[in-house]
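Structure at a glance
This is what each chain is made of:
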Number of protein chains: 2
Amino acid sequence: MADEKEKQLGITVKKEEDMAEWYQQVCLKSEVADYAPVKGCYILRPLGYAMWEKIQEYFNRRMKYRGVQNAYFPLFIPESFFHKEAKHAEGFSPEVAWIANRDEEGSERLAIRPTSETIMYDSYSRWLRSWRDLPIRINQWANVVRWETQATKLFLRSREFLWQEGHCVYETEADCDREVELFLMEYKDLAEKLLAVPVIYGKKTDKEKFAGAKYTMTIEAFMPDGKAIQCGTSHNLGQGFAEAFGLSFQDKDGEQKLPWQSSWGISTRLIGTTIMQHSDNKGLVLPPSMAPNKVVIVPILFEETMDKVLHKCQEIKELLKGFDAVLDDREDYTPGWKFNEWELKGVPLRLEFGPKDMEADQVTAVVRDTGEKQFIKVHDLKAAVPELLQQMQNRLFEKAKQNLEKSIVEVADMDALVQAIKERKLVKTVFCGEPECEDLIKDKTGGATSRCIPMDNPHAPEGSKCVHCGKDAKWNIYFSKSY
Amino acid sequence: MADEKEKQLGITVKKEEDMAEWYQQVCLKSEVADYAPVKGCYILRPLGYAMWEKIQEYFNRRMKYRGVQNAYFPLFIPESFFHKEAKHAEGFSPEVAWIANRDEEGSERLAIRPTSETIMYDSYSRWLRSWRDLPIRINQWANVVRWETQATKLFLRSREFLWQEGHCVYETEADCDREVELFLMEYKDLAEKLLAVPVIYGKKTDKEKFAGAKYTMTIEAFMPDGKAIQCGTSHNLGQGFAEAFGLSFQDKDGEQKLPWQSSWGISTRLIGTTIMQHSDNKGLVLPPSMAPNKVVIVPILFEETMDKVLHKCQEIKELLKGFDAVLDDREDYTPGWKFNEWELKGVPLRLEFGPKDMEADQVTAVVRDTGEKQFIKVHDLKAAVPELLQQMQNRLFEKAKQNLEKSIVEVADMDALVQAIKERKLVKTVFCGEPECEDLIKDKTGGATSRCIPMDNPHAPEGSKCVHCGKDAKWNIYFSKSY
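Residues numbered from 1 in each chain as written. Chains lettered and ligands numbered in written order. Predicted model: local features only at pLDDT ≥ 70, side-chain atom pairs only at ≥ 80, totals over all residues.

Another aspect to go through is the overall build of chain A. Helix and strand content of chain A: 15 helices and 23 strands. For 483 residues, the compact-globule formula gives about 23 Å, and the C-alpha radius of gyration of chain A, at 25 Å, lands near that figure. Along the first, second and third principal axes, the C-alpha set of chain A runs to 85 × 55 × 45 Å. Across the 483 residues of chain A, 47% fall into the buried class. Relative to all contacts within chain A whose residues are 6 or more apart in sequence, the contacts with residues 24 or more apart total 69%. (Helix = DSSP H or I, 4+ residues; strand = E, 2+ residues; numbered from the N terminus. Rg over C-alpha atoms; globule rule 2.2 N^0.38 Å. Buried ≥ 20, exposed ≤ 12 C-beta atoms within 10 Å, placed from the backbone. Contact = placed C-beta atoms within 7 Å.)

The structure is reproduced here in C-alpha cells:
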C-alpha cells in the first residue's frame with residue numbers, strides 16, 4: 001500500500017518541462033489547495049490557509065505600525081454606486097457578479113464586491129467632517145468576487161479570492177503621494193522578507209493603471225517560466241472618488257475642501273507566487289517564515305529501541321516548540337515514505353533520529369531546499385535550528401534574485417524585443433508612453449504587456465527613442481508576459 | 001463647538017427605559033458600528049472590528065490547542081448540494097440569496113453560503129479515505145448571508161454577518177458526542193472569560209435544533225431587557241450528511257464505514273451581546289479583555305506646565321504600552337470633553353495627569369464601570385493597572401451573573417409561566433418534549449421559545465408534569481423571549 005501511495009504522492013512532471021502541470025500538481029498534492037465543485041473557485045486547505053495567516057500576521061503588524069485600523073464593510077454594493085465614478089464602473093462592470101434576490105420589483109440590483117472603493121467611500125463621506133479626522137487609514141481583510149471567464153488557476157485566477165484592501169484619505173496630494181509609495185514599499189518588504197520573492201517595482205502606465213486611479217504603483221515578481229505576476233498595487237485615486245461620493249472636510253482655514261485618496265491591496269495570489277517561485281520537483285518548498293511547521297522530527301524505529309527513541313524525540317519536539325515542530329510517530333509508514341511526504345509538503349527542516357543518533361546524542365538534519373545532510377548535537381539544536389532556517393530563507397531569496405536578474409534583457413528595437421519575449425525574458429526598454437504603442441507591442445509579441453516604469457529610474461535617457469514607434473522615449477519600462 | 005459636539009455625542013435615552021434605542025445609540029455613537037447603505041447590512045467600524053479580532057485571537061488559540069486547523073471554502077454553493085440533505089434544505093431555503101450570473105442557459109443556480117456544511121462535506125468526501133485521516137477538525141472564518149426580512153439590528157440580525165464554523169468528522173458516535181460538548185464548553189469559557197457574559201447551556205429541543213442535526217447544544221446569554229441571545233451552537237450532525245455527501249472511511253477492520261459529524265459556530269452576535277450586557281447610560285463599557293486600548297491618558301494642560309506634563313505623559317504611555325495605552329494630547333478639546341468621549345467609547349481605565357499629579361508623582365485613575373477615582377503613584381502603575389483591569393473584568397462578570405440569577409424564575413403551571421414571561425424573566429420549568437406544546441407555549445406567551453435543556457440537570461424530576469399539557473414531564477427547560 002505504501003508503494004502505491006508513494007507513486008500517487010510524488011510530482012510526476014518536471015518544473016522545467018511543464019510548469020503549468022507541475023504547479024497544479026504541487027498545489028494539489030502538497031494539500032495546499034483543492035479545486036472546488038463550483039466553477040472558477042478553489043479551496044484553501046489548511047496548509048494554504050496557514051500561509052495566508054502568515055501574511056496576515058506579518059502585515060497586520062506592519063499596518064498597525066503605520067496607523068492603519070481594520071474594519072469590515074458589506075459584501076453587497078448597490079448598482080448605482082458603481083456608476084458614480086465613470087472609469088471605475090467601466091473597468092469593473094464586465095466582471096461583476098449580481099444578486100438575484102430583490103426586496104421588491106424595481107429595487108436596485110446588488111453587486112457582490114469586486115473591490116470596495118464605492119461602498120467604503122459612501123460611509124467615509126458621512127464620517128469625514130474636519131481636518132482633525134484626517135488621515136483616515138482603514139483596511140479590510142475580505143473575500144472579493146470577479147466573474148472570470150478564463151480558465152481557473154489555483155491562487156492566480158479565480159472567481160473568488162481573499163485579499164486585503166487599504167483605503168486612505170488625506171488632506172493634501174503630497175500626503176497621498178507619500179503614502180501611496182509607503183505602502184508599495186511595505187509590499188516590497190513583505191514580498192522580499194516574508195515570501196523571499198524579489199520584485200521589480202514602479203508605476204503602471206496609464207493603460208495598465210487601476211480603473212478610476214490617477215496612477216497605480218505595483219510590485220511584480222518574475223516566474224521561472226518567463227511570466228510576471230503582479231503581486232500588489234498601491235493607487236493614488238486623486239480626488240475623483242471624493243467628488244463622486246461627496247467627501248469633503250473643513251480645513252484649518254475654515255474652508256471646505258476635497259481630500260485626496262489612495263487604495264492598496266494584496267491577495268492570495270501571493271501564496272501562488274511563493275509556491276511557483278521556490279518549489280521543486282519533489283514538491284513544495286516553503287520559505288521558513290511562511291511555514292506553519294518549520295521542523296519535522298522523523299524517528300527511526302526498531303523494536304528494541306523504540307521507546308527510548310520516541311521518548312527522546314518528544315524531548316526534542318518540546319525543545320523546538322517555538323518552531324511548531326511536528327513529531328511524525330505514525331507506526332505504519334516507513335521513514336523513507338515519511339521523508340517523501342514531508343518534502344512534498346515543504347517543511348523546511350527534517351530531523352531524523354534513530355538508535356545511532358541516540359548513541360551519539362545527535363540528530364541528522366536535512367534542509368528542504370538543498371537536501372544537504374548534517375549532524376547536530378542535541379544540546380546545540382536550539383541554537384542551530386534558527387540559524388539553519390535563516391540561512392535557508394536567505395538562500396531562497398538569493399537564488400530567486402539571481403534568476404530575476406538573469407531574466408532581465410535590455411533591448412532597443414522591436415526585433416530584439418520580440419525575440420526576448422520569445423525567450424521568456426523580462427525585457428527592459430524605453431517607451432514613448434502612448435497606449436497605442438503598448439497595444440501594438442502586445443500584438444507583435446503575442447501578449448507581452450508593460451509591467452512597470454521602475455521607481456528608482458523612471459525617465460528614459462535623454463535622446464533615446466521609443467522601442468516601438470521611434471519617437472522620443474519618455475520612460476524606462478519593463479515588458480513581459482504575465483499571469 | 002465643543003458644547004454642541006458634546007450634546008450629539010452623549011446617549012440621549014436610558015438603558016432601563018428604552019433598551020432598543022439605547023443599544024442603537026451606543027453602537028452608533030461609540031463608533032463600534034454603522035448602518036450600511038444596503039438594506040439589512042451594517043459596517044463593523046474599527047472599534048467593532050477590534051472586538052471581533054479579540055474573539056478571533058482568543059478562539060484561534062483555543063482551536064489550535066484542540067487540534068483544529070483553519071481553511072477556506074468557496075462563497076458559492078451549487079443549488080443541488082442543498083437538496084442532498086432534506087431537512088437542511090428545508091431549514092435554509094427561505095433565506096438563501098442567489099447569484100444572478102450563470103455560465104450558460106440551464107446551468108445550475110449558485111447560492112451564497114448561509115452555512116457551509118454542504119460545500120465542505122463534498123470536499124471531505126474526496127479527502128477522507130481511511131481511519132488514519134480521522135478525526136478531521138477544520139474551521140473557517142467567513143462571511144455568511146441569510147436573506148432576513150425582519151428589521152436589521154446591529155450585530156444581532158442582518159443579512160450578512162461574520163462567523164466561524166467548525167466542521168469535524170469522527171470515527172464513532174462517542175467521539176462525536178464528546179467533542180460536540182467539548183466545543184460547547186469552549187464557547188461557554190469564551191463567553192464567560194473573554195466577554196464576561198455568563199450563560200446557560202444545554203441541549204436545544206427537537207423543535208429548535210439545527211436543520212439537519214441529530215441534536216444541537218447551545219450557550220445562551222440573558223439581556224437586561226428580558227430577552228435571551230443564542231450565543232453559540234454545537235451540533236451533532238449524526239450520519240445524515242455523511243450519507244448524503246458520500247463520506248466513508250476504511251476502518252481498522254478493513255470495513256467501509258460511515259463517519260459521524262459535528263459543526264459548531266459563533267458569530268459577530270457576540271459583539272452585540274457584550275455591548276448590551278455591560279454598557280451603561282454613558283456609553284460603551286468594554287470588558288478589559290475585549291478592549292483594544294485598555295488605558296487612555298488624558299493630560300490636564302496649562303500653559304506653563306504643558307511641556308513637562310506632556311513629557312511625563314509620554315513616559316507613562318511608554319510604561320503602559322503592553323496595554324495599548326492611548327495618549328489623548330489633542331489641543332482643542334477640554335479634558336471634560338475628552339472624559340466624556342472616552343467613556344462613550346468604553347476605554348476601561350482613564351488616567352488623568354496634571355500639574356498637581358506631577359508634583360505628587362501620581363496619576364488620578366478612573367475605572368470605567370464604577371467611575372471610582374483613586375490616586376496611584378507613577379512607580380506603582382505597572383503593577384496597579386493590570387490589577388485594576390482584572391478587578392473590572394471580574395466585577396462585570398459578577399454583576400452580569402447576579403442579573404442572570406435574579407432573572408431566573410421557576411414555574412410549575414401556565415399562568416405562572418405567562419406571568420413570568422410578561423415580567424421579562426428567564427423561566428425554568430418542566431416539559432414533555434412535544435413540539436406541539438412548545439408551539440402553544442409560544443402562542444400563549446406572545447413569543448417565548450425554549451432556550452435549552454440544562455446540560456448539568458436535563459431530566460425533569462420523577463413524577464413531574466409538563467407545564468403545558470400536564471402529561472409526564474421529560475425535561476427541565478428554560479423558556480424566554482429572545483433576539
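Now that the structure is up, let's keep going.
Take the packing of helix α3 (residues 46-65) of chain B against helix α7 (residues 173-194) of chain B next. Residues and elements named next belong to chain B. Running from amino to carboxyl end, α3 crosses α7 at an angle of 140°, the nearest separation of the two axes being 11 Å. Classified by the interaxial angle, the pair formed by α3 and α7 is oblique. Crossing angle aside, the handedness with which α3 passes α7 is right-handed. Contacts from Lys54, Ile55, Tyr58, Phe59 and Arg62 in α3 reach Glu186, Leu190 and Leu194 in α7. In terms of residue class, the contact of α3 with α7 is made up of 5 nonpolar, no polar and 3 charged. (Axes fitted to C-alpha atoms, helices over the stretch in contact; angles between N-to-C directions. Parallel < 35°, antiparallel > 145°, perpendicular 65-115°, else oblique. Left-handed = near helix turned anticlockwise from the far one by under 90°. Nonpolar A, V, L, I, M, F, W, Y, C, P; charged D, E, K, R; others polar.)

Another point: the relation of the copies chain A and chain B. Overlaying chain A with chain B gives an RMSD of 0.0 Å, the required rotation being 180° about an axis along which the chain moves by 0.0 Å. Taken together, these values place the two copies in the relation of a two-fold axis. Most of the interface of chain A is mirrored in chain B, where 100% of its interface residues again form contacts. (Least-squares fit on C-alpha atoms with pLDDT ≥ 70 in both.)

Attention now moves to the confidence of the model for chain A. Residues and elements named next belong to chain A. With 98% of its residues at a pLDDT of 70 or more, chain A has an overall mean of 95. Low pLDDT, under 50, characterises residues 1-6; the predicted model gives this stretch 5 contacts beyond four residues in sequence or across chains. With a pTM of 0.96, the predicted complex shows an ipTM of 0.96. (pLDDT = per-residue confidence, 0-100.)

With that out of the way, let us pick up the sheet that holds strand β4 (residues 76-78) of chain B. Residues and elements named next belong to chain B. Ordered by their spatial adjacency, 3 strands build an open sheet running β4-β6-β5, and the pairing between neighbours is antiparallel. One side of each edge strand has no neighbouring strand; the edge strands of this open sheet are β4 and β5 (97-98). Pairing of β5 with strand β6 (residues 110-112), which is carried by 2 bridges, proceeds in the antiparallel orientation. Note that in β6 the partner of Ala97 across the bridge is Ile112. (Pairing = 2+ DSSP bridges.)

For the rest of this paragraph, the subject is the domain arrangement of chain A. Interface size is commonly expressed as the accessible area that is lost once the parts come together. All names here are of chain A. Under the domain assignment, chain A is made up of domain 1 (18-278), domain 2 (295-384) and domain 3 (408-482). Residue-level contacts link 18 residues of domain 1 with 18 residues of domain 3. Of all the secondary-structure elements, those providing two or more residues to the side of domain 1 that touches domain 3 are β9 (200-203), β10 (215-222) and β11 (227-238). (Domains from an automatic or database assignment.)

Residue and element names in this part refer to chain A. In space, the 5 strands of this open sheet follow the order β16-β15-β17-β18-β19, with mixed pairing throughout. Each having just a single partner strand, β16 (326-327) and β19 (373-377) make up the two edges of the open sheet. Its contacts with the sheet put helix α10 (residues 306-319) on β15 (295-299), β16, β17 (349-353) and β18 (362-367), and the angle it makes with β15 is roughly 170°. Across the sheet, helix α13 (residues 381-407) touches β15, β17, β18 and β19, and the angle it forms with β18 is around 10°.

Here the focus is the environment of Pro135 of chain A. All names here are of chain A. Within the secondary structure, Pro135 is located in the loop between α6 (117-127) and β7 (136-145). A C-alpha to C-alpha distance of 9.6 Å links Pro135 and Gln261, two positions 126 residues apart in sequence. Ignoring sequence-local partners within four residues, the contact set of Pro135 consists of Cys168, Val169, Tyr170 and Asp175.

Glancing now at the interface of chain A and chain B. With 36 residues of chain A at the interface, the matching set in chain B holds 36 residues. Those elements that provide at least two residues to the side of chain A that touches chain B are β2 (42-44), α3 (46-65), β3 (69-70), β4 (76-78), β5 (97-98), α6, β7 and β8 (160-170) of chain A. Within the side of chain A that touches chain B, the residues separate by chemical class into 24 nonpolar, 5 polar and 7 charged.

The next thing to look at is helix α11 (residues 335-344) of chain A. Within α11 of chain A, the full set of buried residues consists of Glu341, Trp342, Glu343 and Leu344 of chain A. A positive backbone phi angle near 75° is found at Gly346 of chain A, which sits one or two residues after α11 of chain A.

Turning our attention to unusual backbone geometry. Following Leu134 of chain A, the chain continues into Pro135 of chain A via a peptide bond in cis, with omega recorded as -5°. Residues other than glycine seldom take positive phi values, yet Ala196 of chain A does so here, at roughly 60°. Judged by local crowding, Ala196 of chain A falls into the buried class, with 26 C-beta atoms found within 10 Å. The phi dihedral of Arg424 of chain B is positive, around 65°, even though this residue is not glycine. Tracing the backbone through its elements, the reader meets Arg424 of chain B in the loop between α14 (414-422) and β21 (426-431). For Arg424 of chain B, a count of 15 C-beta atoms within 10 Å corresponds to the partly exposed category.

On to the pairing of strand β8 (residues 160-170) of chain B. Residues and elements named next belong to chain B. For β8, the buried fraction is high: 9 of the 11 residues fall into the buried class. Where strand β7 (residues 136-145) meets β8, 10 bridges bridge the pair, whose relative direction is antiparallel. Residue pairing in the sheet places Trp141 in a bridge with Gln164 of β8. Note: β8 against strand β14 (residues 260-267), 8 bridges, orientation antiparallel. Looking across to β14, one finds that Tyr170 is bridged to Trp260.

Turning our eyes to something else, we now look at the environment of Ile11 of chain B. Residue and element names in this part refer to chain B. Mapped onto the secondary structure, Ile11 falls in the loop between α1 (2-9) and α2 (19-29). Take Ile11: there are 22 C-beta atoms within 10 Å of it, and that puts it in the buried class. Spatially, the C-alpha atom of Ile11 lies 30 Å from that of Ala448, the residues being 437 residues apart in sequence. Other than its neighbours up to four places away in sequence, Ile11 contacts Trp22, Gln25, Val26, Lys29, Asn281, Lys282 and Gly283.

With that settled, consider the pairing of strand β9 (residues 200-203) of chain B. Residue and element names in this part refer to chain B. Note that β9 and strand β10 (residues 215-222) share 4 bridges and pair antiparallel. Among the inter-strand pairings, Gly202 is bridged to a residue of β10, identified as Thr218. Sheet topology places β9 next to strand β22 (residues 449-454); 2 bridges connect them, and they run antiparallel. Note that in β22 the partner of Gly202 across the bridge is Pro454.

The next thing to look at is the environment of Ile200 of chain B. Residues and elements named next belong to chain B. Its place among the elements puts Ile200 in strand β9. Looking at Ile200, the number of C-beta atoms within 10 Å reads 22, which means it is buried. Counting along the chain gives 111 residues from Ile200 to Ala89, while the straight-line C-alpha distance between them is 29 Å. Look past the residues within four positions of Ile200 in its chain and what remains in contact with it is Glu220, Arg451, Cys452, Pro454 and Tyr478.

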